[in-house]
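Close look at the chain arrangement
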Amino acid sequence: MHQHTPSSFPFSPASSLGSPEAGLGAEPLVEPGPDQRWSTWTSVTKGQRGPEPRPDWVVTADAALDTELGVLKTGKEADVFLVERAVPDDPTRRSLLAAKRYRGRDHRQFHRDGEYTDGRRVRRTRDQRAIEDRKSSWGKAVAATQWADAEFLALSRLWDAGAPVPYPVQIDGTELLLEFVGHEAADGTVEAAPRLARTRPAPAALADWFDQLRHGMGVIARLGWAHGDLSPYNILVDGLGDGADDGGRLVIIDLPQVVDLVANPFGADLLHRDCRNVCTWFTARGLDVDPDELFADVFAQAW
């Protein structure tokens, strides 16, 4: 999914708005304002929350507010918004999240669904029949959450396995709340991590990034999967220093179409395409890499 990343997001955090807890029997001092809601953490079940142990920054308090700060990216199948989850008057309980909201089947443009989902089935046969019957209202409702569910489950397993992916905080219907990958300056300005495609790394950084990517693709393959749509547009570079070529950690995003390398007859072809896509970018910037060699290395780790 291609992203539009604004350069910055200046905002006033909810943690400075005053506490909603004014004591027993008292009226709350604040209520959700424009672009705000109460945290949805307690409204989802345990199975809809990210894997444990959770990172320390995950805010689970009932008193937290979710504040929508702006659009991080727009894409073919979903849009992503920057959200602050914070307890008012408590700066120690505050985090920035990426809220990925999937569109229904009628509004998304995810092509070749079957190519990615061959070998994947939903748990209930009634839901599977509904998905196949695209004209029914139930089928549309099930299909609208299919991609969100698939991405949440994939991210949860990948995080547990040590893959370089955002931590999946929770899922609520067609909305995923994910770790925000980016930087917040001392003045409160927030900057999203750039896509790999938008960076200009030095040769030393190129070699390190390719090693990171090889490792990440290998972790995915050891679970029996391929990304299926990997390119420089859905790899983020987190933690860049003042220079454009200063370090950085690669983070792989956009995994709703994760492909089963065994059950999906297109699995090997899609993995090979992933390898070609990323190697083309690295080669164009002066790093001598071979997509067939990368494919052989990653594919071998699936067995």
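A word on the overall build of the protein chain
A tally of helices and strands in the protein chain yields 6 helices and 12 strands. Across the 303 residues of the protein chain, 51% fall into the buried class. As displayed, the protein chain offers around 14,300 Å² of accessible surface, 50% of which is attributable to carbon and sulfur atoms.

Re the nonpolar core
Leu196, Trp209, Leu213, Met217, Leu271, Phe282 and Leu294 are the most contacted members of the largest nonpolar core, which has 55 residues in total. Ranked by the residues each element gives to this core, the list is headed by helix α4 (residues 203-222), at 9 residues. The residues touching Phe282, leaving out its near neighbours within four places in the chain, are Leu196, Leu206, Trp209, Phe210, Leu213, Leu287 and Val289. Listed in part, the 9 residues of the second largest apolar core include Val58, Phe81, Val83 and Ala99.

Quick notes on empty space enclosed by the protein
Taken as a whole and judged by the stated rule, the model has 2 cavities of 30 Å³ or more. Here the largest cavity defines a volume of roughly 200 Å³. Lining the largest cavity are 18 residues; nearest its centre among them are Lys73, Val80, Ala98, Leu236 and Ile253. Contributing elements (two or more residues each) for the lining of the largest cavity: β2 (65-74), β4 (90-102), α3 (137-161) and β6 (175-179). Volume-wise, the second largest cavity comes out at about 40 Å³. Mapped onto the lining of the second largest cavity, the elements with two or more residues apiece are α4, β9 (225-226) and α5 (267-284). Taken together, the residues of the lining of the second largest cavity break down into 6 nonpolar, 1 polar and 1 charged.

Section: α5
Along its 18 residues, α5 runs 26 Å from first to last C-alpha, staying within 8% of the 26 Å computed at 1.5 Å per residue. Among all positions in α5, only Gly267, Leu270, Leu271, His272, Arg273, Asp274, Cys275, Val278, Cys279, Trp281 and Phe282 are buried. Just past α5, the residue Gly286 takes up positive phi, approximately 100°.

With respect to the packing of α4 against helix α6 (residues 291-300)
The relative placement of two packed helices is expressed as an angle between their axes plus a distance between the axes. Two numbers describe how α4 lies on α6: the axes approach to 9 Å, and their chain directions differ by 40°. Relative to α6, α4 is oriented oblique. Pair α4 / α6 crosses with right-handed handedness. Each of Phe210, Arg214, Met217, Gly218 and Ala221 in α4 lies in contact with α6, whose residues at this interface are Glu293, Leu294, Asp297 and Val298.

Some words on the pairing of β4
In terms of strand pairing, strand β3 (residues 78-87) meets β4 through 10 bridges, oriented antiparallel. Each bridged residue has a counterpart across the sheet, and for Phe81 the counterpart in β4 is Ala99. What sits between the antiparallel neighbours β3 and β4 is a turn of 2 residues, in which Asp89 has the positive phi angle 65°. The pairing of β4 with β6 spans 5 bridges and is antiparallel. Within β6, the residue paired with Ala99 across the bridge is Leu177.

Thoughts on α4
Here α4 contains 20 residues, and its C-alpha end-to-end distance of 29 Å stays within 8% of the 28 Å for a straight helix at 1.5 Å per residue. Within the span of α4, buried status applies to Ala205, Leu206, Trp209, Phe210, Leu213, Gly216, Met217, Gly218, Val219, Ile220 and Ala221.

Criteria and cut-off values
Residues numbered from 1 in each chain as written. Predicted model: local features only at pLDDT ≥ 70, side-chain atom pairs only at ≥ 80, totals over all residues. Heavy atoms only, no water. Helix = DSSP H or I, 4+ residues; strand = E, 2+ residues; numbered from the N terminus. Buried < 20%, exposed > 50% of the residue type's maximum accessible area, 1.4 Å probe, protein only. Areas by Shrake-Rupley, 256 points an atom, 1.4 Å probe, with all protein chains shown as cover. Core = buried A, V, L, I, M, F, W, Y, C linked by side-chain atoms within 4.5 Å. Contact = heavy atoms within 4.5 Å. 1 Å grid on protein atoms, 1.4 Å probe; cavity = no way out; pocket = protein on both sides within 12 Å on 5 of 7 lines; lining within 4 Å. Points joined across faces, edges and corners; volume = space filled by probe spheres on them. Nonpolar A, V, L, I, M, F, W, Y, C, P; charged D, E, K, R; others polar. Expected span 1.5 Å × (residues − 1). Axes fitted to C-alpha atoms, helices over the stretch in contact; angles between N-to-C directions. Parallel < 35°, antiparallel > 145°, perpendicular 65-115°, else oblique. Left-handed = near helix turned anticlockwise from the far one by under 90°. Pairing = 2+ DSSP bridges.

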